[in-house]
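# Descriptive analysis of the structure
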Amino acid sequence: MLPPGIGRLTSLHNLHTFQIQLKNGYGIEELRDMVYLTGTLHNSKLENTGNAREANLISKESLHKFEWSVEEDGDAATRDEAEEERILADLQPHSNLKEIQICRYRGSIFPVWMKEGQLRNLVTLSLHHCIKCKTLSISGLPHLEELYIKEMRELEEWLELENQFRSLLVLKIGDCPKLRKLPHRFPCLKSLKIESCYSLKGLSETPCLEVLTLVDNLALEDWNEYSKHLRHLALDGCQNGILVAAIPETSSLLSLVISNISNVVSFPKWPHLPRLKALHIHLCRDLVYLSEEQGAFQIGLAHLKLLSIQGCPQLVMLPVEGLPKTLECLILDSCPNLESLGPKDVLRSLTCLKDLYIMDCPSLKSLPEEGVSNSLQHLVIQGCPVLMERCRKDDDDGGGRGRDWRMIMNIPDLEIGCSISMVLSSSDLLKHMQEPTASPKPERHVTAWCHHFVCCK
């Protein structure tokens, strides 16, 4: 804990956190003469604030980031709304500020200094758990690049203002169940994530959008009109496959995640995605077939390099016509009813295949009749008792050689029956969709598919 009277250190440069208390020497007025503060200042327990103007934040021209928060279960829950609004208004920072985070604000409107051009250098704005705000009005932030809105559960309307977000690059909105509409246009937006916005039916015009993540948005129907530059798309938690059916034909899309889609037995006809390199299908519990139209999967995804299918307990077989010939990595995990990988030459014909993972697919009894590709460098088989028995080498207990051993004996890296975890979780995949330049870290072997999925070069 800081000593009382910290405000006497008027030449102090770094004071990351200042917790406001009611006792002497810990009031917000301690900040008044500390004009040389730099970096981040986190003011917590603002429910203990008297005259917030005495903090004199507007004089602190070297501050980079300002954080506001009150106690989650403190007096602020019953605090007078007007008093809360006055405190935030009196905490106006210097116009040099680059980042603001406001958490658990109980006012219904935001102060004038957030919407009348007084923060012209602001780059990042985060609004979390501002539970009384029904209307959002933000403007006059010409250099704003990142905007994060989370747990604003009463938010219904986002006001449309002229030249509102000319520089915005990243927008994430989560847990705003009453939000009905977004501003019409974000001209420079590159990354958009929307999660648990149950009343939202359509998206904004985003002509430069490259990364789109949609999670658990039950009413959303229209999203693909402005997808000409989309490179990474994740669809998670939608019902009846409406958003999957809306995937447009585009030559820009490089990676696609489809997860937690319910009430879908087979996907509709796959669109023509000539540059798609990574497809991940995860936790689609009712999925039986990958496509309702024969040939569509192989033709529409002709340049696919990674195919990962996890947690699809009803999936019976892969496409009868086979898989895209360009595949370099195939992952099949936790598909207990999977019986067939496709035609007898399905793996033999994949002349680019380097990595094959078959895990927890106990109904799969054997490898395809014609064996595997000569290009295969790494094979993992785990949790498939019959298949593992067929692929075993001679052992000391006299069990003999498995019938499929001859098909795999020349693969350089074999892991039969090992306990490993190579596959990213759903949350990891969605995270990497938002950070497509980051590299996931599997527990073992950093394989080529990681690079293709995340970077999609």
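The preceding data block contains the structure.
Residues numbered from 1 in each chain as written. Predicted model: local features only at pLDDT ≥ 70, side-chain atom pairs only at ≥ 80, totals over all residues. Heavy atoms only, no water.

A word on the packing of aromatic side chains. Counted according to the given criterion, the structure contains seven aromatic pairs. An angle of 80° between the planes, with centres 5.7 Å apart, marks the rings of Trp-68 and Tyr-105 as edge-to-face. Pair noted here: Trp-68 is in strand β3 (residues 63–69) and Tyr-105 is in the loop between β4 (99–103) and β5 (124–128), with a separation of 37 residues, a long-range link. Judged by relative accessible area, which is 0%, Tyr-105 ranks as buried. For the ring pair Trp-270 and Phe-297, a centre distance of 5.6 Å and an interplane angle of 85° mean the geometry is edge-to-face. You can see Trp-270 sitting in the loop between β13 (255–259) and β14 (278–282) and its partner Phe-297 sitting in helix α3 (residues 296–300), a full 27 residues away along the chain. Look at Trp-270 and you get buried, because its relative accessible area is 5%. For Phe-297, a relative accessible area of 0% puts it in the buried group. Ring-pair connections join several aromatic residues into one group, and the members of that group are Trp-68, Tyr-105 and Phe-110. (Phe/Tyr/Trp six-rings, centres within 6.5 Å; stacked < 30°, edge-to-face > 60°. Helix = DSSP H or I, 4+ residues; strand = E, 2+ residues; numbered from the N terminus. Buried < 20%, exposed > 50% of the residue type's maximum accessible area, 1.4 Å probe, protein only.)

Applying the stated criterion across every chain, the model contains 16 salt bridges. Taking the shortest distance from any N to any O, the salt bridge between Glu-83 and Arg-86 comes out at 2.7 Å. With a gap of three residues between them, Glu-83 and Arg-86 both fall in helix α1 (residues 81–90), about one helical turn apart. Among the charged side chains, a salt-bridge network with shared partners connects Arg-53, Glu-83, Arg-86 and Asp-90. (Salt bridge = Lys/Arg side-chain N within 4 Å of Asp/Glu carboxyl O.)

To continue, consider the environment of Tyr-289. For Tyr-289, the position within the fold is in the loop between β14 and α3. Setting aside chain neighbours within four positions, we find Tyr-289 in contact with Val-265, Ser-266, Phe-267, Leu-315 and Met-317. (Contact = heavy atoms within 4.5 Å.)

With that settled, the discussion passes to the side chain of Ser-375. Within the fold, Ser-375 resides in the loop between β17 (355–359) and β18 (378–382). Here Thr-351 takes part through its backbone oxygen, which lies 3.1 Å from a polar atom of the side chain of Ser-375. One polar contact links the side chain of Ser-375 to the main-chain carbonyl oxygen of Leu-353, over a distance of 2.6 Å. Leave out the neighbours within four places in its chain, and Ser-375 touches Leu-350, Thr-351, Cys-352, Leu-353 and Lys-354. (Polar contact = N/O pair within 3.5 Å; in protein donor to acceptor, adjacent residues only side chain to side chain.)

Those residues of α1 that sit buried are Glu-84, Glu-85, Ile-87, Leu-88 and Asp-90. Buried positions along α1 lie against β3 and β4.

Moving on to the pairing of β14. Of all five residues that make up β14, five are buried, and the element is covered over most of its length. Of the two faces of β14, both are covered, the one formed by Ala-278, His-280 and His-282 as well as the one formed by Leu-279 and Ile-281. Strand direction decides the pairing type here: β13 and β14, joined by five bridges, are parallel. The partner of Leu-256 across the bridge, within β14, is Leu-279. Alignment of β14 against strand β15 (residues 306–310), held across five bridges, turns out to be parallel. Paired with His-282 across the bridge in β15 is Gln-310. (Pairing = 2+ DSSP bridges.)

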